[in-house]
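# Chain and residue survey
Each chain is listed here by its residues.
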Amino acid sequence: ILQKPEENVAEVKPLPPAPAVATTATIGSTGDIILHVPINEAHATGYGDYDFSYCFSNVASVYQEPDLMFANLEVTLGGPESGEYTGYPGFNSPDAIVPALKNAGVDVCLTANNHSYDTGYYGMMRTLDVLDEYGVEHLGSRETTDEPILMTKNINGIRLGFLCYTYDTRDYTEGEISLNFNYLSDEAVPLINTFNYEYLDEFYSAVQRQLDYMDMLNVDAKIIFMHWGTEYRTQPDASQKRLEDWLYAHGVDHIIGGHPHVVQPVRTLPDYRGRMATHLTVWSLGNYISNMSAPRTDHGLAITLRLLKTGNVTRMTGYDLHPNRTDRAHFTVTPY
């Protein structure tokens, strides 16, 4: 019996999986924004107000390049209720610094540093109010305990988590938390992220809780800003290195530091956990604007960190450094 021959049927093969979509994010940060009295005076308008926009006109392109830009606001905005505008050792600065930073491209101000309590609880809270008024976010201190300690952002599908901590001086104030030896009120203590080198177990527990929470949120990269180290020292000290070891061992991906007022080295290192290709440690970005007289305090850095996510893997692809100096003749930030 003749059978009808089978028709030629092409072999069906499964399609290869679609390539993972690659997305990128860039994170930037400046060094310390410190407004000594001569800087305020140089930017007084003559009408009882201040205009700091000229301070950053030469570096606005650096601020505007990253997807998210941070600046360390190392002053308080205590307003006239806190007295005259003052510089070191207790900073009460004009509100006008905030719109100047925002218009230049800053998205977030770091508000956990050793000068965050220079005008007391009122000044610490008013600083946050002014930032809110101008639409600049803040990280490191908060207005109520209902607000999260960490900040999360989704940039082009890359989930980022941020923390900010400053050293405190409780080892000099009978164990009571203080900043620059100014005792924090009971209501202020839970609203600003501090640590002390003599009480590191407490710091480790607090950070671990935040890192665990980031894991619950499926954060792709965890970045912590640390106000740490020894002033005017151009190399990291032993305490910075000890903290770096712990932070990387417990889930932090990148560290950006400040406080020494001079630039310290930037380094990358491999991730022994396998989650990220490399870590980036910025020991200190130095000053971005100040009127300090010590050597090298007129120099600083801005940094742009580049991240790439492919599938479920996020890694650093590089970083850019933008050196700057404070032009003391006009009190502007100038690239070099």
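See the structure above.
This report concerns the structure included in the present document. Quick caveat, the model's predicted, so the values are computed rather than measured.

## Section: the overall build of the chain
Each helix and strand counted, the chain has six helices and 17 strands in total. The dimensions of the chain, computed from C-alpha atoms along their principal axes, are 110 × 45 × 35 Å. The proportion of buried residues among the 336 residues of the chain is 54%. Within the chain, residue pairs in contact and separated by at least 24 positions form 72% of the contacts whose partners lie at least 6 positions apart. When the accessible surface of the chain is totalled, it reaches about 15,200 Å², and 51% of it is carbon and sulfur. Each charge sign in the chain was given a centre, from 22 positive and 43 negative side chains, and these centres are 11 Å apart.

## Here's the deal with the side chain of glutamine 240
Within the element layout of this structure, glutamine 240 appears in helix H6 (residues 238-249). A polar atom in the side chain of glutamine 240 sits 3.1 Å from the side chain of glutamine 264. Not counting the four nearest positions on each side in its chain, glutamine 240 is found in contact with Trp228, Gly229, Thr230, Gln235, Gln264 and Trp283.

## Observations regarding the nonpolar core
Among the nonpolar cores identified, the biggest contains 71 residues, and Ile33, Phe56, Tyr63, Phe70, Ile97 and Phe162 are the most heavily contacted of them. When residues no more than four places from it in sequence are discounted, the contact partners of phenylalanine 162 are Ile27, Leu68, Phe70, Leu139, Leu150, Met151, Lys153, Met214, Ile223 and Phe225. Membership of the second largest hydrophobic core comes to 24 residues, among which are Met226, Leu243, Val252 and Leu269.

## Quick word on the layout of surface pockets
Regions of empty space are outlined by a rolling probe, equal in size to a water molecule, passed over the atoms. When its volume is computed, the largest pocket comes out at roughly 480 Å³. Forming the boundary of the largest pocket are 21 residues, of which Asn114, Tyr167, Asn180, Phe181 and Glu231 lie nearest the centre. Split by residue class, the lining of the largest pocket holds 10 nonpolar, seven polar and four charged. Approximately 260 Å³ is the volume attributed to the second largest pocket. Together, 15 residues line the second largest pocket, and Ile149, Ile192, Asn193, Thr194 and Ala206 are the ones closest to its centre. For the lining of the second largest pocket, the leading source of residues is helix H5 (residues 200-216), giving five residues. In terms of residue class, the lining of the second largest pocket is made up of eight nonpolar, three polar and four charged.

## With respect to the pattern of salt bridges
Under the criterion given, the structure shown has 10 salt bridges. Residue aspartate 220 pairs with arginine 159 through a salt bridge whose shortest N-O separation is 3.3 Å. Note that aspartate 220 is positioned in the loop between H5 and strand S10 (221-227) and arginine 159 in strand S6 (residues 158-167), a separation of 61 residues in sequence. The exposure class of arginine 159 is partly exposed, given its relative accessible area of 29%. Arginine 170 serves as the salt-bridge partner of aspartate 168, at 2.7 Å between the closest nitrogen and oxygen. With respect to burial, aspartate 168 and arginine 170 carry one shared label: buried. One network of salt bridges, in which partners are shared, links Glu81, Asp95 and Arg126.

## Observations regarding the pairing of strand S11 (residues 254-258)
Extensive coverage of S11 is indicated by the burial of five of its five residues. With burial as the criterion, each face of S11 is covered, one bearing His254, Ile256 and Gly258 and the other bearing Ile255 and Gly257. Pairing analysis gives five bridges linking S10 to S11, with the strands arranged parallel. When the bridges of S11 are listed, isoleucine 223 appears paired with histidine 254. Following the chain from S10 across H6 to the adjacent parallel S11, one finds a crossover that is right-handed.

## Let's talk about empty space enclosed by the protein
Inspection of the entire model under this criterion finds two cavities of 30 Å³ or more. Lining the largest cavity are 17 residues, and of these Asn72, Leu110, Met226, Gly257 and Gly258 lie nearest its centre. Mapped onto the lining of the largest cavity, the elements with two or more residues apiece are strand S1 (22-33), S6, S10 and S11. Here the element with the most residues in the lining of the largest cavity is S1; it accounts for four residues. Residue composition of the lining of the largest cavity, grouped by class: eight nonpolar, eight polar and one charged. Space inside the second largest cavity adds up to approximately 50 Å³. Taken together, Leu73, Val75, Thr76, Thr111, Asn113, Ser116, Met124, Thr127 and Ser141 make up the lining of the second largest cavity. When grouped by side-chain class, the residues that make up the lining of the second largest cavity number three nonpolar, six polar and no charged.

Conventions we followed
Residues numbered from 1 in each chain as written. Predicted model: local features only at pLDDT ≥ 70, side-chain atom pairs only at ≥ 80, totals over all residues. Heavy atoms only, no water. Helix = DSSP H or I, 4+ residues; strand = E, 2+ residues; numbered from the N terminus. Buried < 20%, exposed > 50% of the residue type's maximum accessible area, 1.4 Å probe, protein only. Contact = heavy atoms within 4.5 Å. Areas by Shrake-Rupley, 256 points an atom, 1.4 Å probe, with all protein chains shown as cover. Lys, Arg positive; Asp, Glu negative; His and termini not counted. Charge placed at Lys NZ, Arg CZ, Asp CG, Glu CD. Polar contact = N/O pair within 3.5 Å; in protein donor to acceptor, adjacent residues only side chain to side chain. Core = buried A, V, L, I, M, F, W, Y, C linked by side-chain atoms within 4.5 Å. 1 Å grid on protein atoms, 1.4 Å probe; cavity = no way out; pocket = protein on both sides within 12 Å on 5 of 7 lines; lining within 4 Å. Points joined across faces, edges and corners; volume = space filled by probe spheres on them. Nonpolar A, V, L, I, M, F, W, Y, C, P; charged D, E, K, R; others polar. Salt bridge = Lys/Arg side-chain N within 4 Å of Asp/Glu carboxyl O. Pairing = 2+ DSSP bridges. Right-handed = clockwise from strand over helix to strand, strands pointing away.

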